[in-house]
Number of protein chains: 2
Amino acid sequence: MQTHDSVSVLIFNTTSHCFILVKQFRPAVYMSEWERSKPKPLQPAEEESAEPAPTEAKVPEENQAGDSSEETSSHQPPASAGVTYELCAGLVDKPNLSLEEIARQEVLEECGYDVPVTKLRKITSYRSGVGVTGSKQTMFYAEVSDEICVGEGGGKPQEGELIEVVKVPLHEAMTFAFDESIPKTMGVIFSFIWFHSNMSPKYKISTNV
Amino acid sequence: MQTHDSVSVLIFNTTSHCFILVKQFRPAVYMSEWERSKPKPLQPAEEESAEPAPTEAKVPEENQAGDSSEETSSHQPPASAGVTYELCAGLVDKPNLSLEEIARQEVLEECGYDVPVTKLRKITSYRSGVGVTGSKQTMFYAEVSDEICVGEGGGKPQEGELIEVVKVPLHEAMTFAFDESIPKTMGVIFSFIWFHSNMSPKYKISTNV
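Quick caveat, the model's predicted, so the values are computed rather than measured. (Residues numbered from 1 in each chain as written. Chains lettered and ligands numbered in written order. Predicted model: local features only at pLDDT ≥ 70, side-chain atom pairs only at ≥ 80, totals over all residues. Heavy atoms only, no water.)

Novice: Give a detailed account of the relation of the copies chain B and chain A, specifying residues and quantitative values.
Specialist: Relative to chain A, chain B is turned by 180° and slid 0.0 Å along the rotation axis, the superposed coordinates differing by an RMSD of 0.0 Å. The symmetry that links the two subunits is that of a two-fold axis. Considering only C-alpha atoms, the residue of chain B closest to the rotation axis is B:Phe190, which sits at 2.6 Å. Mapped onto chain A, 100% of the interface residues of chain B are again interface residues, and the two copies thus contact each other with one and the same surface. (Least-squares fit on C-alpha atoms with pLDDT ≥ 70 in both. Contact = heavy atoms within 4.5 Å.)

Novice: Give me the packing of aromatic side chains: which residues, what numbers.
Specialist: Any aromatic ring pair is given by two values, namely how distant the centres are and how the planes are angled relative to each other. Residue and element names in this part refer to chain A. Enumeration according to the criterion identifies 22 aromatic pairs over all chains in this entry. Centroid distance phenylalanine 19 to phenylalanine 195: 4.9 Å. Interplanar angle 90°. Geometry classified as edge-to-face. Taken together, the residues phenylalanine 19 in strand β2 (residues 18–25) and phenylalanine 195 in helix α5 (residues 186–198) connect sequence positions 176 residues apart. The two residues phenylalanine 19 and phenylalanine 195 agree in class, both being buried. Aromatic pair tyrosine 85 and phenylalanine 176: ring centres 5.4 Å apart, planes at 85°, arrangement edge-to-face. Highlighted residues: tyrosine 85 in strand β3 (residues 83–86) and phenylalanine 176 in helix α4 (residues 173–178), separated in sequence by 91 residues. This pair shows no difference in class: tyrosine 85 is buried, exactly as phenylalanine 176 is. An aromatic cluster is present here, built from Phe12, Phe19, Tyr85, Tyr141, Phe176, Phe192, Trp194 and Phe195 joined pairwise through their rings. (Phe/Tyr/Trp six-rings, centres within 6.5 Å; stacked < 30°, edge-to-face > 60°. Helix = DSSP H or I, 4+ residues; strand = E, 2+ residues; numbered from the N terminus. Buried < 20%, exposed > 50% of the residue type's maximum accessible area, 1.4 Å probe, protein only.)

Novice: I'd like a rundown of unusual backbone geometry, residues and numbers included.
Specialist: With glycine set apart, most residues show a phi of negative sign, and most peptide bonds adopt trans. Look at A:His17: it is not a glycine, yet its phi comes out positive at around 50°. Along the polypeptide, A:His17 turns up in the loop between β1 (6–13) and β2.

Novice: Can you tell me about the state of the cysteines, naming the residues and giving the values?
Specialist: A complete count under the given rule lists zero disulfides over all chains for this structure. The structure places no disulfide on A:Cys88, whose sulfur is separated from the nearest cysteine sulfur, that of A:Cys111, by 4.3 Å. (Disulfide = S-S within 2.5 Å.)

Novice: Tell me what's going on with the pairing of strand β5 (residues 120–128) of chain A, and back it up with residues and numbers.
Specialist: Each regular strand shows side chains that alternate between the opposite faces of the sheet. Residues and elements named next belong to chain A. Pairing between β5 and strand β6 (residues 135–144): eight bridges, direction antiparallel. Each residue of the ladder has a partner; that of arginine 121, found in β6, is tyrosine 141. In sequence, β5 turns back onto β6 through a hairpin of six residues, with glycine 129 there showing a positive phi of about 55°. (Pairing = 2+ DSSP bridges.)

Novice: Could you give an account of the packing of α5(A) against helix α5 (residues 186–198) of chain B, naming the residues involved and the relevant values?
Specialist: Contact geometry of α5(A) with α5(B) gives a least axis separation of 10 Å together with a crossing angle of 40°. One element, α5(A), and the other, α5(B), form an angle in the oblique class. The two elements α5(A) and α5(B) meet at a crossing, and its hand is left-handed. Taking contact as the criterion, the partners of A:Met186, A:Gly187, A:Ile189, A:Phe190, A:Ile193, A:Trp194, A:His196, A:Ser197 and A:Asn198 in α5(A) are, on α5(B), B:Met186, B:Gly187, B:Ile189, B:Phe190, B:Ile193, B:Trp194, B:His196, B:Ser197 and B:Asn198. Looking at the contact of α5(A) with α5(B), its residues break down into 10 nonpolar, eight polar and no charged. (Axes fitted to C-alpha atoms, helices over the stretch in contact; angles between N-to-C directions. Parallel < 35°, antiparallel > 145°, perpendicular 65-115°, else oblique. Left-handed = near helix turned anticlockwise from the far one by under 90°. Nonpolar A, V, L, I, M, F, W, Y, C, P; charged D, E, K, R; others polar.)

Novice: An account of the interface of chain B and chain A is requested, with residue identities and associated values reported.
Specialist: Contacts between the two partners involve 53 residues from chain B, matched on the other side by 53 residues from chain A. Where chain B touches chain A, the interface holds six salt bridges. In this structure, A:Glu180 engages B:Lys122 in a salt bridge whose closest nitrogen and oxygen atoms are separated by 3.0 Å. Applying the counting rule to chain B against chain A returns 10 residue pairs in polar contact (both at pLDDT 80 or more). Within the residue set of the side of chain B that touches chain A, elements represented by two or more residues are α1 (27–37), α2 (44–47), β3 (83–86), β5 (120–128), β6 (135–144), α4 (173–178) and α5 of chain B. The element that contributes the greatest number of residues to the side of chain B that touches chain A is α5(B), accounting for nine residues. A class-by-class count of the residues in the side of chain B that touches chain A yields 21 nonpolar, 18 polar and 14 charged. (Salt bridge = Lys/Arg side-chain N within 4 Å of Asp/Glu carboxyl O. Polar contact = N/O pair within 3.5 Å; in protein donor to acceptor, adjacent residues only side chain to side chain.)

Novice: Any chance you could break down the environment of B:Arg26 for me, citing the residues and the numbers?
Specialist: Relative to the assigned elements, B:Arg26 resides in the loop between β2 (18–25) and α1. In this structure the C-alpha to C-alpha distance between B:Arg26 and B:Ala79, which are 53 residues apart in sequence, comes to 9.6 Å. In contact with B:Arg26, not counting residues within four places along its chain, are A:Val130, A:Gly131, B:Gly82, B:Thr84 and B:Glu86.

Novice: I'd love a proper account of α5(A), names of residues and values included.
Specialist: Helix length check: α5(A) (13 residues) gives 18 Å between terminal C-alpha atoms against 18 Å at 1.5 Å per residue, within 8%. Across the 13 residues of α5(A), 10 count as buried, placing the element largely inside the fold. (Expected span 1.5 Å × (residues − 1).)

This is the structure we're talking about:
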């Protein structure tokens, strides 16, 4: 599978003391939930070693987008089942730009903050999806303020992105991170706990661990 | 893409005060490194918007497996470029077993410890590969001791797994986690920092953060 490396950014707004995340509809997550919601075979013992049926590439129908409605006439999950909370992130697909410059662009496009490249601090890098893509992801930390908020963010709707900017107050961060009813990536959990270990003393604020 | 959910396990050996990881050759990681090592186009400015060439599915040749050798006659990276350090992990592909039972089997098969299901503590769950698979991963913590080490681990060589069990001493854990020259998954970094925040006080041992 051809892949690009990627960058992600933990954004902390020092004006409101909130983390800035993005909330996105992810088709792959939706299909995973769809698969999970299918009726189980009647004789699971005999199915144990059988290959699972291929995922049907069906898209959610209209009138299923209501976040609050859990009612579906079939076993088709609501559109909200495909939504995840994630760090601002993007692919490294511009060979002339540094990782920091790409991260800067993503923060601007997705979250609306015009953060200088020099304010991006690398947290670390690691391998993502080792069984599938094996690409390298680099995580940054960026402190922003309301003063450098120059737009609403939201990504590139013309490229099919459905991104909503979400604020998580610092004092609720660790509860948010470990609340399994909130679908999120490991990057969110890891970066919040990293902040707690590395940055919280600076802000002298409890992150309710 | 059809996927399974997965489990991963942070294993801590209380006899030797080491974390137990697995070291694996990952074809996807190797191909990602191969792609990265290809000569760059001479006119990158004109290539910026072009689609990258598809990854060639070539396997590493013989005599490239030496960990210490960085010398290659072509731009083909050494086999060691495809190795990553990971948590013990496995797919949820047995519908009759609980997540804990699957995690228990993986710890036994990959690392050789016969840990009771009741000793598995859930850390949290999250979405992995939201852009590709969207599957759900559940992370556990297991304390083991030399007494329940009943085998060498190593996974299932007959299924193509190339797994080596690796011990990381507790006092080196955070240096290991943030050493970017050691290829690893975010699960390793996150779980080490989780241990530092949650379990270190119990062991009254510094993890050199």
